[in-house]
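If you want the building blocks of each chain, they are given just below.
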Protein chains: 2
Amino acid sequence: MVLYAGQGDPQRTLALLWRGIAADSARTSRGPKPALTVDAIVDAAITVADESGLDGLSMRAVGERLGRTAMSLYTYVPTKRELIDLMYDQAHAEISAPARSPGDWRAEVESWAGELQTCYLRHPWLLQVSHARPVLGPHEQAVLESILRALDPAGLPPAGLRAVVSSLFSLVRGSARSIAEARSAATTTGTTDQEWWTTRARLMRELVPDFADRFPLSVRLSCEQVTDWEQAARDAFCDGLAILLKGV
Amino acid sequence: MVLYAGQGDPQRTLALLWRGIAADSARTSRGPKPALTVDAIVDAAITVADESGLDGLSMRAVGERLGRTAMSLYTYVPTKRELIDLMYDQAHAEISAPARSPGDWRAEVESWAGELQTCYLRHPWLLQVSHARPVLGPHEQAVLESILRALDPAGLPPAGLRAVVSSLFSLVRGSARSIAEARSAATTTGTTDQEWWTTRARLMRELVPDFADRFPLSVRLSCEQVTDWEQAARDAFCDGLAILLKGV
DNA sequence: CACAATACCTTATGCCGTAAGGAGTTTCAC
DNA sequence: GTGAAACTCCTTACGGCATAAGGTATTGTG
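Remember, predicted model here, so these are calculated numbers, not experimental data. (Residues numbered from 1 in each chain as written. Chains lettered and ligands numbered in written order. Predicted model: local features only at pLDDT ≥ 70, side-chain atom pairs only at ≥ 80, totals over all residues. Heavy atoms only, no water.)

## Considerations on the side chain of His 123 of chain A
Residue and element names in this part refer to chain A. Here His 123 is to be found in the loop between helix H5 (105–122) and helix H6 (138–151). The buried category is assigned to His 123, whose relative accessible area is 3%. With near-sequence residues (within four places) excluded, His 123 lies in contact with Ile 46, Asp 50, Ala 91 and Glu 94. (Helix = DSSP H or I, 4+ residues; strand = E, 2+ residues; numbered from the N terminus. Buried < 20%, exposed > 50% of the residue type's maximum accessible area, 1.4 Å probe, protein only. Contact = heavy atoms within 4.5 Å.)

Below is the structure:
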């Protein structure tokens, strides 16, 4: 019974992603005027996800925010999965191309990384979106293009370039994830890092008395008291980036 | 009405994570013998997740695999969230500590990274598990300890060590994610990388004729024909790792 | 005006996690 | 030996989810 709709889908998805840029946009315009737009839906969905995470993102919640039912959204967007793809791409629109300062490509790479990280932290749900295949929307594409432009003066061979770009993305995503987790843990549990750690440490001491014998290096490392979890993640990111750039 | 159960939870979660190691294990043993064990449930859940992903992981599915109902699992595990934590930690048990070859710490780091990546690829759902706060189960802890042991001869200061470790995790996770996505896309859509790319490229040519003008560097990079998406991700990982280690 | 196309709604299906409470089984205290 | 307690496992039910199906109202075209 399933009419093998898998074929027509990428066409529609791509058309949605590149809407406004794509050429066809023929307005047929019979029937009632659309009260919504894809953009409005995507924006509303992003707001919902920012507020309540990807778990709190339901078609009902998005519809409600727009004064519509969940089902009405399906006029504009084929499935929730596609809506998330659109949100993902749209969120990347916040990242501007780095200002051209042709002398120092390392500085440009650093500023790009910082901006991307900021974007991830503004929309932590981005880090949970799992793609099968890259999305290839216009804004995500622009982000890729802009890091390539920043790295252009370094004159890397294609394989090396790919490696550096992919490592940069990994580093930014990884650090953003750490920071986002530190934040969300602090707000959802309502405890400070300190409190959480002391509780956890007490429990561990009871449950696993020989922890220090089993994991001496871990203990030694965490003995350097981490007062601010988020700041530690930030520092680790900066240092990691510096190491990577030194290695290029 | 909610009796503020948030307090007692970490205790129970930790006790579950460190079961077998923890001291208390007092068998009360009134009532019928348990037909299941936490380990069996965790193993079954891992199998389900390996087969159907985290989306396909439902309490009903896990119960069914064990010939029980979904509700019976709640005797052993407080919520699905905790079950996933247990799965996460258990999956890390597959990683063995690197053989000691004291001369070459870089080689040890590389082998550690390779093993971790293999683990992520065997259980791609690991990459979707988002923690608030680190899990701190025994096996994950052992993985951390083993990379610290590998890096010990490098004699890094604490901050630098933290940066390197966190960068390594990011790199491994990021590359594993790319590879896993390449694989899943290939299997779920049933097309080869080649087919998928040509279809996509044709659609893009129709929708966005000036793509090459907008994103010249992206086009130039992808012109180097990628025949095998997974292999490209693998190469990028190795090169990225080499760059990072060179930077240390 | 009639008709086609469209937007939006209500309803229904089949999933999900899990709360509530009942039935059967085993052990302990007496 | 006999309750009572403790325990496992089950059935049922609730509210929420994405979305399929189909109805109704609104708009433009002939």
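There's more to say after this.
## Some thoughts on the packing of aromatic side chains
Under the criterion given, the structure shown has eight aromatic pairs over all chains. Between Trp 18 of chain A and Phe 215 of chain B the ring centres are 6.1 Å apart and the planes differ by 75°, which places this aromatic pair in the edge-to-face class. One end of the pair, Trp 18 of chain A, is in the loop between helix H1 (8–17) and helix H2 (38–52); the other, Phe 215 of chain B, is in the loop between helix H9 (211–214) and helix H10 (216–223), on a second chain. Exposure class is identical for Trp 18 of chain A and Phe 215 of chain B. Each is buried. Ring centres 5.3 Å apart and planes at 90° place the aromatic pair Trp 112 of chain B and Phe 169 of chain B in the edge-to-face group. (Phe/Tyr/Trp six-rings, centres within 6.5 Å; stacked < 30°, edge-to-face > 60°.)

## Observations regarding the pattern of salt bridges
Enumeration over the complete set of coordinates arrives at 16 salt bridges over all chains. When the shortest N-O distance is used, the salt bridge between Arg 214 of chain A and Asp 210 of chain A registers 3.3 Å. Taking relative accessible area as the criterion, Arg 214 of chain A reaches 39% and is therefore assigned partly exposed. A relative accessible area of 30% places Asp 210 of chain A in the partly exposed class. Of the charged contacts in the structure, one is a salt bridge between Glu 206 of chain B and Arg 202 of chain B, with a shortest N-O distance of 3.4 Å. Here Glu 206 of chain B and its partner Arg 202 of chain B are both found in helix H8 (residues 193–207), four residues apart, which amounts to about one turn of the helix. Relative accessible area serves as the criterion here: at 40%, Arg 202 of chain B is assigned to the partly exposed category. (Salt bridge = Lys/Arg side-chain N within 4 Å of Asp/Glu carboxyl O.)

## Section: the protein's contact with DNA strand C
Pro 32, Thr 69 and Tyr 76 of chain A together with Arg 60 and Tyr 74 of chain B are the nearest of the 26 residues found near DNA strand C. By atom count, sugar and phosphate contribute 67% of the portion of DNA strand C lying within 4 Å of the protein. Between a phosphate oxygen of DNA strand C and a main-chain N or O atom of Met 59 of chain B, the distance comes to 3.0 Å. At 2.8 Å, a side-chain N or O of Lys 80 of chain B approaches a phosphate oxygen of DNA strand C. Grouping the constituent residues of the surface near DNA strand C by class yields eleven nonpolar, nine polar and six charged. (Near = heavy atom within 4 Å. Polar contact = N/O pair within 3.5 Å; in protein donor to acceptor, adjacent residues only side chain to side chain. Nonpolar A, V, L, I, M, F, W, Y, C, P; charged D, E, K, R; others polar.)

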